[in-house]
Amino acid sequence: MGFFNRKERKVSEVVRNYFELLPGYIPAFTSYHGSLYEMDLCRAAVNSFAENCSKLKIEAVGNNTTLNNILKYQPNPMQDTSKFIRRIATMLEVDNNVFIAPVLDDFGIKVQGFLPLRACNCEIVKSDLGEYWLRYRFNNNQYGAVELNRCGLLNKMQYSDDFFGSSNNALYPTLELLNMNNQGIVEGIKNGASVRFLAKLASVVKAEKLDEEREKFKQQNLSADNNGGVIVYDGKYEDVKQINSQTNLVDEKQQALINNNVFNYFGTNINIIQNKFTDDEWNAYYEGKIEPFAIQLANVLTNMTFTAKERVFGNEIRVTSNRLIGLSIDKKIAWATSFFDRGFITANMVNEAFGLPSIGEQGDICYIRGEYIPTTRQENKGKGADDE
C-alpha cells in the first residue's frame, strides 16, 4: 500500500468538500509585514491586472471537445473561466507562484477540470513507492493530493530557486513608506480635529491648584455643554491662546516617487489602474504584462494535460485575447475597414472587437474586394491567350 491510496487521487471529491465549507477571506496580517495585498495601492495594481486578464480566452485545440467546453465555461465546480483566470493572475502577482492541480474523474485518470492553488498551501512529498506528489491544504483544513507530474506551476521573478519565484521582500521598504504615510494621515486628522489652548494664570499657585484650574477651564469652555463656541475667562488668567496643530505629511513629489515604485514593481501605471489609458498605453501594457502571462498559462496547461506524443499530433491549450478591445472606436473602425475586405478577418472577428454577438457560420467567411485579382490568375490568363 502506497503513501497515497487510490481514493486520495479523486481530487474532485476534495473540491466538492471544499466547496461545501468554503471559508471567507481573512487576512493574516494588516501591516506591511504581511501580504502586500493588504495595501490599497498594491491591491489596486493587482486587481487591475487580474481584471484585464479575466478577458482572456482558453480553448483546447485538437480532438478535445469536452475539455474545450470545460475550459471555455467552467474549469472547476467553484469558478467559471473568468474567475479562474482572475484567481490565477491575482495569486501570481501576490505570491509570485501558483500551482494548478487537475480535477480528475472517479478513476483518477481523465482530466475534468483545473484548480488553482496558493503555493503556501502546497507541499511536495514523496510516497514510499518513490513517487512525488503535490499535497495541498485548503483554508478549512481539507487536504488533497495528486501526482506532481500532473500539476502545473506558474511563477515570476525566478532567480534564486530552480523552480519557484522569489519573495516580494524587495518591495517591503516601499510598503513601509506607504504604511507610515497612511498612519501619518490618520494621526494628522485626529490632531487637527482636537482643539487645544494655552492658558497663563495671573498669579503663582500651587501644583494641585493648577490641576484644579485646568479641569475647571475645560469643563466651562471646552466641554460639549459649550455649544456656542465662545470662551469666557476672568482675571485669574493673564492670557489664553489657541494652539494650532500642524501635520507634516509627505508632499506630492515624494508621494509620486513612492507610488511609482509600486507601479514599476507591478509593471503598470496610474492610467491603467484607473482605466483611462490611451491606445498606445494599452498596447504596451498588453505586450509587456498580459501577453507573457497568457503564454505561460497556455504552456503550463498544455504540458500538464497532454503527453509529448499528444502534443506532437497538435493537441494543445491556447490562451488568447482580442487585444483590440482596449482600442478606441476610431482605431477599431480603421482596423475593420482595412482588413475585412482584404480577406484577413471575418465579420465575426469584427463583431467580437466591437463587443457584438456572432452572426453564425456565415460570419466566419472571408471576403475580398472584387477588383483585386490574384497574380496567378493574371499569369494563367496570359498563357491561355498565347496557346490560342
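The following paragraphs examine the structure supplied in this document. (Residues numbered from 1 in each chain as written. Predicted model: local features only at pLDDT ≥ 70, side-chain atom pairs only at ≥ 80, totals over all residues. Heavy atoms only, no water.)

## Notes on the overall build of the protein
Okay, step 1: Within the protein, the regular secondary structure consists of 13 helices and 10 strands.
Okay, step 2: The buried share of the protein, taken over its 388 residues, is 36%.
Okay, step 3: Of the contacts made within the protein by residues no fewer than 6 positions apart, 62% connect residues no fewer than 24 positions apart. (Helix = DSSP H or I, 4+ residues; strand = E, 2+ residues; numbered from the N terminus. Buried < 20%, exposed > 50% of the residue type's maximum accessible area, 1.4 Å probe, protein only. Contact = heavy atoms within 4.5 Å.)

## Here's the deal with the packing of helix α4 (residues 81-95) against helix α9 (residues 279-305)
Okay, step 1: The N-to-C vectors of α4 and α9 enclose an angle of 110 degrees; their axes lie 12 Å apart at closest approach. With respect to α9, the axis of α4 lies roughly perpendicular. From α4, Ile85, Ile88, Ala89, Leu92 and Glu93 reach across to α9, where they touch Lys289, Phe293 and Leu297.
Okay, step 2: Class assignment of the residues belonging to the contact of α4 with α9 gives a composition of 6 nonpolar, no polar and 2 charged. (Axes fitted to C-alpha atoms, helices over the stretch in contact; angles between N-to-C directions. Parallel < 35°, antiparallel > 145°, perpendicular 65-115°, else oblique. Nonpolar A, V, L, I, M, F, W, Y, C, P; charged D, E, K, R; others polar.)

## Description of α4
For an α-helix the count is 3.6 residues per turn, leaving residues at separations of three or four pointing the same way.
Okay, step 1: In this model α4 runs 21 Å from its N-terminal to its C-terminal C-alpha over 15 residues, within 8% of the 21 Å that 1.5 Å per residue would give.
Okay, step 2: If you check which residues of α4 are buried, you get Thr81, Phe84, Ile85, Ile88, Ala89, Thr90, Met91, Leu92, Glu93 and Val94.
Okay, step 3: By the N-cap criterion, in which a side-chain oxygen at the helix start approaches the backbone nitrogen of a residue two or three places on, α4 is capped by aspartate 80, the distance to serine 82 being 3.2 Å.
Okay, step 4: Asparagine 96 sits one or two residues past α4 and shows a positive phi near 70 degrees. (Expected span 1.5 Å × (residues − 1). Polar contact = N/O pair within 3.5 Å; in protein donor to acceptor, adjacent residues only side chain to side chain.)

## Here's the deal with the sheet that holds strand β4 (residues 122-126)
Okay, step 1: If you walk across this open sheet you meet the 3 strands as β4-β5-β6, and the pairing is antiparallel. The sheet terminates laterally at β4 and β6 (143-147), the two strands that pair on one side only. Averaged over all pairs of adjacent strands, the angle between their axes in this sheet comes to 30 degrees, without regard to strand direction.
Okay, step 2: Relative to β6, strand β5 (residues 132-137) runs antiparallel, the two being bridged by 5 bridges. Looking across to β6, one finds that leucine 134 is bridged to valine 146. (Pairing = 2+ DSSP bridges.)

## A short note on the nonpolar core
Okay, step 1: Among the nonpolar cores identified, the biggest contains 47 residues, and Ile100, Phe114, Leu117, Leu154 and Phe293 are the most heavily contacted of them.
Okay, step 2: For this core, the leading source of residues is α9, giving 11 residues.
Okay, step 3: Other than its neighbours up to four places away in sequence, leucine 117 contacts Met91, Val98, Phe99, Ala101, Cys122, Leu134, Tyr136 and Phe138.
Okay, step 4: Listed in part, the 17 residues of the second largest apolar core include Tyr37, Val46, Leu175 and Tyr265. (Core = buried A, V, L, I, M, F, W, Y, C linked by side-chain atoms within 4.5 Å.)

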